[in-house]
Amino acid sequence: GAVELGPYRHYMQKEIFEQPRAIADTLEGVQGITPDLFGDKAASVFGQIDRVLILACGTSYYSGSAARYWLESIAGIPTTVEIASEYRYRDSVPVPSTLVVTISQSGETADTLAALKHARSLGMEHTLTICNVATSAMVRECKLAYVTRAGVEIGVASTKAFTTQLAGLFLLTLTLAKVKGRLNEAQEAAHLKAMRHLPAALQSVLALEPQVMAWAEAFARKDNALFLGRGLHYPIALEGALKLKEISYIHAEAYPAGELKHGPLALVTSEMPVVVVAPHDTLLEKLKSNMQEVRARGGELYVCADADTHIQAEPGIHVIRLPEHYGALSPILHVVPLQLLAYHTACARGTDVDKPRNLAKSVTVE
Ligand code: G6P
């Protein structure tokens, strides 16, 4: 039947707030890390692969881009991520021992399906999908699958599909790490415990909505915005910029913060709000000097920090502090304020949030 809006103004807002439940459902039944989570043939396939190629479009491409950091650092597996519409047409060098991973909310995106077929035509037979629709073409076409349980997503701008994809990709990372002998029992238990705590952690991030709404009032009056992140959170900055573009029609770009000096710094004036994804990780000190470069040019900083980040609010520096520091799973929490920022900025500008102009929920033609 029809999905009810309940107390929410838009499906996008409802879907943002459904994320604790969506993650819990996606992880339901996961007792331990085992290849079986991905299908009967997974144990045999995972034993034969020594690299990963991720293919996807749009928001799904960004979850894949974050997963690359996990796959290389935790599982020690060389990983590349490609935009499906590029991969399908370029000459590339196939490596048969590759695990080809497609990521798709709908499982029907034409470019991603074509990229999968292209990889197979080059002799890469080990295919896996992270997909939200069990009955989709993508799940049928791939040898292995992890079906996320976000539930039906109606808003064109993807939210809960993204965070559940990240959950599925983290499970894939842990599974490959275990198969490759890089995950001991204590590490497995610690990761599983952190994953099980995600719904509660997400709930406490969602409670920051009023603070994000205050930011959105300022963003609604801007024409441009810059998003910065480093490492694992660079793809989160990209996703934050995409959300803002899609539904508020504000021109937004994301950069890895270390690249600021190679171009985008020229754009920074007092008219350029700069969103910084700033969890307390090993790159925080570097990020702080990037922030000073922005302040020195009069750019206003909007910082998503966390419990352990020592950055204080002051004139020109606005800080929203996520209640917990979340280690490897931090991207799943840090994307939420960016989703809310895009949502409330779009509401303030009066755009059609659930059906932004020129965009489709699922692009099934080229
Ligand atoms: C469209 C949607 C995006 C989505 C992309 C990929 O552009 O508007 O929200 O990320 O397709 O879709 P998929 O279903 O393959 O994840």
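The rules behind each value
Residues numbered from 1 in each chain as written. Predicted model: local features only at pLDDT ≥ 70, side-chain atom pairs only at ≥ 80, totals over all residues. Helix = DSSP H or I, 4+ residues; strand = E, 2+ residues; numbered from the N terminus. Rg over C-alpha atoms; globule rule 2.2 N^0.38 Å. Buried ≥ 20, exposed ≤ 12 C-beta atoms within 10 Å, placed from the backbone. Contact = placed C-beta atoms within 7 Å. Near = placed C-beta within 6 Å. Nonpolar A, V, L, I, M, F, W, Y, C, P; charged D, E, K, R; others polar. Core = buried A, V, L, I, M, F, W, Y, C linked by C-beta atoms within 7 Å. pLDDT = per-residue confidence, 0-100. Pairing = 2+ DSSP bridges. Right-handed = clockwise from strand over helix to strand, strands pointing away. Axes fitted to C-alpha atoms, helices over the stretch in contact; angles between N-to-C directions.

A.B. asks: Tell me about the overall build of the chain, and name the residues and values.
C.D. replies: Counting its secondary structure elements, the chain contains 14 helices and ten strands. What you see for the chain is a C-alpha radius of gyration of 20 Å, in line with the 21 Å of a compact globule of 366 residues. By principal-axis analysis of the C-alpha atoms, the chain measures approximately 55 × 45 × 40 Å. Among the 366 residues that make up the chain, the fraction classed as buried is 51%. Of the contacts formed within the chain by residues at least 6 apart in sequence, a portion of 76% connects residues at least 24 apart.

A.B. asks: Requested: an account of the site of the ligand, with residues and values cited.
C.D. replies: Inspection of the region around the ligand gives 15 residues, with Gly58, Thr59, Ser104, Ser106 and Thr109 positioned closest. Among the elements that make up the shell around the ligand, the one with the highest residue count is helix H4 (residues 58-73) (three residues). Broken down by class, the residue content of the shell around the ligand amounts to four nonpolar, ten polar and one charged.

A.B. asks: Residue-level account of the nonpolar core, with values.
C.D. replies: Counting residues in hydrophobic clusters, the biggest one holds 118 residues, and the most contacted among them are Leu55 and Val276. Here the element with the most residues in this core is helix H8 (residues 160-179); it accounts for twelve residues. Apart from residues lying up to four places away in sequence, Val276 is in contact with Leu228, Leu287, Met291, Leu301, Tyr302, Val303 and Cys304.

A.B. asks: Which residues make up the confidence of the model for the chain, and what values go with them?
C.D. replies: Mean pLDDT for the chain: 96, with 100% of residues reaching 70 or above. Mean pLDDT values for the elements of the chain range from 91 in helix H13 (residues 284-296) up to 99 in strand E3 (residues 98-104). Note on the complex model: pTM 0.97, ipTM 0.98.

A.B. asks: Give a detailed account of the environment of Ala201, specifying residues and quantitative values.
C.D. replies: Residue position: Ala201 is located in helix H10 (residues 198-206). Judged by the 21 C-beta atoms lying within 10 Å of it, Ala201 is buried. Sequence separation of Ala201 and Leu322 is 121 residues, and the distance between their C-alpha atoms is 9.2 Å.

A.B. asks: Go over the pairing of strand E4 (residues 127-131) with me, naming the residues and quoting the values.
C.D. replies: The element E4 is largely enclosed, with a buried count of five among its five residues. Both faces of E4 are covered, namely the face carrying Thr127, Thr129 and Cys131 and the face carrying Leu128 and Ile130. Bridge count for E3 against E4 is five bridges, and the pairing is parallel. What sits directly across from Val100, in E4, is Thr127. For the crossover from E3 across helix H6 (residues 110-121) to E4, the handedness is right-handed. As paired strands, E4 and strand E5 (residues 144-147) are joined by four bridges and run parallel to one another. Bridging from a neighbouring strand, Thr129 pairs with Ala145 of E5.

A.B. asks: Give a description of unusual backbone geometry that names residues and reports values.
C.D. replies: At Tyr249, a position not held by glycine, the phi torsion is positive, near 65°. Position of Tyr249 among the secondary structure elements: in the loop between helix H12 (234-248) and strand E7 (251-256). At Asn358, a residue that is not glycine, the phi angle is positive and equals roughly 70°. Looking at where Asn358 falls in the secondary structure, it is placed in the segment after helix H14 (330-349). Taking the number of C-beta atoms within 10 Å as the measure of exposure, Asn358 has 6 and is therefore exposed.

A.B. asks: Quick one: what's the story with the sheet that holds E7, residue by residue and with numbers?
C.D. replies: Here five strands make up an open sheet; going across it, the order is E7-E6-E8-E9-E10 and the pairing parallel. The open sheet has two free edges, formed respectively by E7 and strand E10 (317-322), since each of these has just one partner strand. Each neighbouring strand pair of the sheet contributes to a mean axis angle of 20°, computed without reference to strand direction. Where strand E6 (residues 224-229) and strand E8 (residues 273-278) come together, three bridges link them in parallel fashion. The residue of E8 that forms the bridge with Leu226 is Val274. Sheet strands touched by helix H11 (residues 209-219): E6, E8, strand E9 (300-306) and E10. Its angle to E10, the strand with the most contacts, is close to 150°.

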